[in-house]
Amino acid sequence: MPTELIANPTNPSVVVPTGMSIGPFDWAPLAGIPFWLYVTIFFIFIFILVNVYWLLRMRRLASVRGWAESLKKMTQDDVQVWFISRVQRLTIECLTIKDNILSPHDQSNIGMWHVNSPQGIIQVGGNKAVVCSEDFDQNRDFVTEIALCHACDDFNANQEQLKEELEKKYQEALLINPEVEKPRVIKPVEDCNAYEVYGRQCLQVISPEGLTISAYNIYNPNRFRKYFPRGCSAMFFGGELIHDARKLNLRRKPKSFWEVHAFLMMAGGIGMIALLVAWLFPIGTGA
Amino acid sequence: MATAPLFLGGLLNIVDPVIGFQLYIWGWLLILVVCGFTWIAWYYGSWKPFAPLHGLYHAYKAGSNVAFIFDQNLIGEMVSEADAKCIFDYSKWDYDLGVLSFIQKKIFYYPTVFLDDIDFLHAVVYKFGNINKNVEIARKFQNGEWERSPSAVCGGVPLDIVIDTDNWTLRKSPQHKAIERVATQWNEMNPDDQIHSYSKFQRKLIAGEIVCPEVKLDHLVSWTRVDAGFPMDLEESDWAGKRRQMAEQMYDSDHMSKNRMAIYVLVAGVGVAVLVIVIRLITHYY
């Protein structure tokens, strides 16, 4: 007797194939799109948000990115340089240093700086760097600039008292060193020339051990830059060096044509021979 | 429950045989893990290496200046203006929040106690954006008296350079604690002439209005250093080596450029020769 098969009526829309399952997230509130898809889109949105957040955050540090990037491309001859431009924009770059002279890798940029003050080298996060500005051909030392301005300001403000003090100190100095020179001029030190001509000598007699700065100082570029010599730009210094280097070469005998072109001609010859051999090399004649 | 055919033919409804999760749940977990790794990669790969310069970001957020604090040896760190100039960290002060509800306590933004111009919405944004308003608070306490003299501009933010030779700005240093103590005492006695910045503290200290034996007043800079910073008699020999090096490079530049060209010519000649042989072989056998 044949077996009778009885099938129960089934709704095909809720049949779940083997190996799959449906759960509460398969609820489709809108246009048949399951809820889990919305949750997935939400998570992808969070992923995008994380990246946008960090991109925006890192963008704020873009101007100091040179701090890390210059370290990556640095060789033994390179040094990190913090530049303050004429419009006081701070950038961080990597320059070559040879014989205490900083010069850019790009040889079309003729600016050069002399690293005269090793104590002016800053250290940020374990990386040493030289601070330079476009309008001065030496490296900067903020501590010295502040110290000099403080000393000169005090000196200028107390002239009469200083004249007496200077005379007294000079008499004391004479007892130690009879050859010490008497400062001849006592008048305000208002610029670099005055400092050079008589200011330094006066200040050294007043404070033989050095100049003092306050324990806490906010560097004021308008106040602390008045003793910078004018006309000492980095471009001028670099230009002069290039000019001098050319002058040095004027005395040397130029290299002969063969000295300059020997390798080039040899390479050209070898290349031609290689071409000729390739052209004339017998192919298939042995078969 | 689903009332329509499964989305994508049920491709993401396949369950794993071990735990019994659908693939889309595994997908969520995967996205969250990737998010976590992305966060860690950004933090350690991009953000943390710039730790000494984070002050720039914080200053930008707070709308204040940024400051480089250097010690006498010019070892420095970039910090926000608040860290460089404000004696007090007002976020650490005790505020009586007893009368506030739980939610009000959670959204309490301490600068609203001192500054009147922060509305509710901004306070909430600043609170959760972690924006520091200490500079504005200190300025208000000092009746607008504030020293600012930016030396440079960094990323659009004015940059102050601060030389702190006696660790005044290090929050955990004994000097800072002494300054905080003395300034607090002064402020209690002189509510109309309060001290909230290191500059003002120093001015009062130099004028002898306050006494703080724990801190130094000044730092000596040797003449050697001054002379190096302001050289008066530089010899040409200071850069003669560089000049000779440049002269040598100029003398050799033509020669060196021809030698470099020779390598290119050699490589090109041999390369073309190989190409000729390859073409001849191909045309011969095919």
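Here the structure is a predicted model, which is why all the values come from computation and not from measurement. (Residues numbered from 1 in each chain as written. Chains lettered and ligands numbered in written order. Predicted model: local features only at pLDDT ≥ 70, side-chain atom pairs only at ≥ 80, totals over all residues.)

A.B. asks: Honestly, the overall build of chain A in this entry has me stumped. Any pointers?
C.D. replies: Each helix and strand counted, chain A has 8 helices and 8 strands in total. In terms of overall size, chain A is more extended than a compact globule, its C-alpha atoms giving a radius of gyration of 38 Å where 287 residues would be expected to give roughly 19 Å. Across its three principal directions, the C-alpha atoms of chain A cover 140 × 80 × 30 Å. Within the span of chain A, comprising 287 residues, buried residues form 26% of the whole. The long-range fraction of contacts in chain A, counting pairs at least 24 apart against all pairs at least 6 apart in sequence, stands at 52%. (Helix = DSSP H or I, 4+ residues; strand = E, 2+ residues; numbered from the N terminus. Rg over C-alpha atoms; globule rule 2.2 N^0.38 Å. Buried ≥ 20, exposed ≤ 12 C-beta atoms within 10 Å, placed from the backbone. Contact = placed C-beta atoms within 7 Å.)

A.B. asks: Can you help me understand the overall build of chain B in this one?
C.D. replies: Helix and strand counts for chain B come out as 11 helices and 5 strands. Projected onto its principal axes, the C-alpha coordinates of chain B cover approximately 105 × 90 × 35 Å. Within chain B, the proportion of its 286 residues that are buried is 30%. For chain B, the share of sequence-separated contacts (at least 6 apart) that also reach a separation of at least 24 residues comes to 53%.

A.B. asks: Quick question: what am I supposed to make of the interface of chain B and chain A here?
C.D. replies: Many descriptions give the size of an interface as the accessible area lost when the pieces come together. Across the contact, 104 residues belong to chain B and 105 residues belong to chain A. By residue number, the principal contributor to the side of chain B that touches chain A is helix α11 (residues 237-285) of chain B, which donates 30 residues. Here the residues of the side of chain B that touches chain A sort into 65 nonpolar, 24 polar and 15 charged. Across 2 bridges, strand β5 (residues 122-124) of chain A lies against strand β2 (residues 75-80) of chain B in parallel orientation. Residue pairing in the sheet places Q123 of chain A in a bridge with I75 of chain B of β2 of chain B. (Nonpolar A, V, L, I, M, F, W, Y, C, P; charged D, E, K, R; others polar. Pairing = 2+ DSSP bridges.)

A.B. asks: Please explain the domain arrangement of chain A as it appears in this structure.
C.D. replies: Taken domain by domain, chain A comprises domain 1 (66-133) and domain 2 (142-231). The gap between the C-alpha centroids of domain 1 of chain A and domain 2 of chain A is 30 Å. (Domains from an automatic or database assignment.)

A.B. asks: Help me understand the pairing of strand β5 (residues 218-222) of chain B in this model?
C.D. replies: Side chains H219 and V221 of chain B of β5 of chain B all project onto a buried face; the interleaved residues D218, L220 and S222 of chain B project onto a face where none is buried. Pairing geometry for strand β7 (residues 210-214) of chain A and β5 of chain B, over 5 bridges, is antiparallel. Each bridged residue has a counterpart across the sheet, and for S214 of chain A the counterpart in β5 of chain B is D218 of chain B.

A.B. asks: Hey, could you run me through the domain arrangement of chain B in this one?
C.D. replies: If you check the domain split of chain B, you get domain 1 (7-51) and domain 2 (54-229). For domain 1 of chain B and domain 2 of chain B, the distance between their C-alpha centroids amounts to 43 Å.

A.B. asks: It is not clear to me how the pairing of strand β1 (residues 78-84) of chain A should be interpreted in this structure. Could you clarify?
C.D. replies: Consecutive side chains of a regular strand alternate in pointing toward one face of the sheet and then the other. Residues and elements named next belong to chain A. Within β1, 5 of the 7 residues are buried, leaving the element largely enclosed by the surrounding structure. Joining the antiparallel neighbours β1 and strand β2 (residues 90-98) is a turn of 5 residues, in which Q88 adopts a positive phi near 60°. Where β1 meets strand β6 (residues 127-133), 5 bridges bridge the pair, whose relative direction is parallel. Considered in β6, the bridge of F83 is made with C132.

A.B. asks: Would you explain the environment of D99 of chain A in this entry?
C.D. replies: Structurally, the position occupied by D99 of chain A is in the loop between β2 and β3 (101-103). Excluding residues that lie within four positions of it along the chain, D99 of chain A makes contacts with W239, G241, K242 and Q245 of chain B.

A.B. asks: What is the right way to look at the nonpolar core in this model?
C.D. replies: In summary, soluble globular proteins display a tendency toward joint burial of nonpolar side chains. Within the largest apolar cluster, 71 residues are counted, with the highest numbers of intra-cluster contacts made by L102, I146, A147 and L148 of chain A together with L56 and L159 of chain B. When residues in this core are grouped by element, the largest group, 9 residues, is from helix α3 (residues 142-157) of chain A. Apart from the residues lying within four places of it in its own chain, the contact partners of L102 of chain A are V79, V81, L95, I97, M112, W113, V115, V130 and C132 of chain A. Of all hydrophobic cores here, the second largest spans 18 residues; its members include A82, F88, V182 and F201 of chain B. (Core = buried A, V, L, I, M, F, W, Y, C linked by C-beta atoms within 7 Å.)

A.B. asks: Even after reading the chapter, I still don't get helix α5 (residues 192-206) of chain A, so can you show me in this structure?
C.D. replies: Note on helix geometry: an α-helix contains 3.6 residues per turn, so any two residues three or four positions apart are oriented the same way. Considering bend angle alone, the principal kink of α5 of chain A is centred on Y198 of chain A and spans about 60°. Of all the positions in α5 of chain A, only Y195, G199, R200, C202, L203 and V205 of chain A are classed as buried. (Bend = angle between axes of the 7 residues up to and from the residue.)

A.B. asks: How do you make sense of the packing of helix α8 (residues 257-280) of chain A against α11 of chain B when you look at a structure like this?
C.D. replies: Each pair of packed helices gets described by two things: the angle between the helix axes and the distance between those axes. In the contact formed by α8 of chain A and α11 of chain B, the axes pass within 8 Å of each other and the chain directions differ by 0°. Classified by the interaxial angle, the pair formed by α8 of chain A and α11 of chain B is roughly parallel. Across the contact of α8 of chain A with α11 of chain B, the residue classes break down as 22 nonpolar, 6 polar and 3 charged. (Axes fitted to C-alpha atoms, helices over the stretch in contact; angles between N-to-C directions. Parallel < 35°, antiparallel > 145°, perpendicular 65-115°, else oblique.)

A.B. asks: What should I look at first to understand the environment of E196 of chain A in this one?
C.D. replies: Within the secondary structure layout, E196 of chain A lies in helix α5. Distance from E196 of chain A to Y227 of chain A, taken between C-alpha atoms, is 9.7 Å for residues 31 residues apart in sequence.

A.B. asks: How should I be thinking about the packing of helix α1 (residues 35-59) of chain A against helix α1 (residues 23-47) of chain B in this particular structure?
C.D. replies: The contact between α1 of chain A and α1 of chain B brings their axes to 10 Å, and the two run at 5°. Between α1 of chain A and α1 of chain B, the interaxial angle falls into the category roughly parallel. Across the interface between the two elements, W36, V39, T40, F43, I44, I46, F47, V50, N51, W54 and M58 of chain A of α1 of chain A pack against Y24, G27, W28, I31, L32, V34, C35, T38, W39, W42, S46 and W47 of chain B of α1 of chain B. Looking at the contact of α1 of chain A with α1 of chain B residue by residue, the class counts come to 18 nonpolar, 5 polar and no charged.

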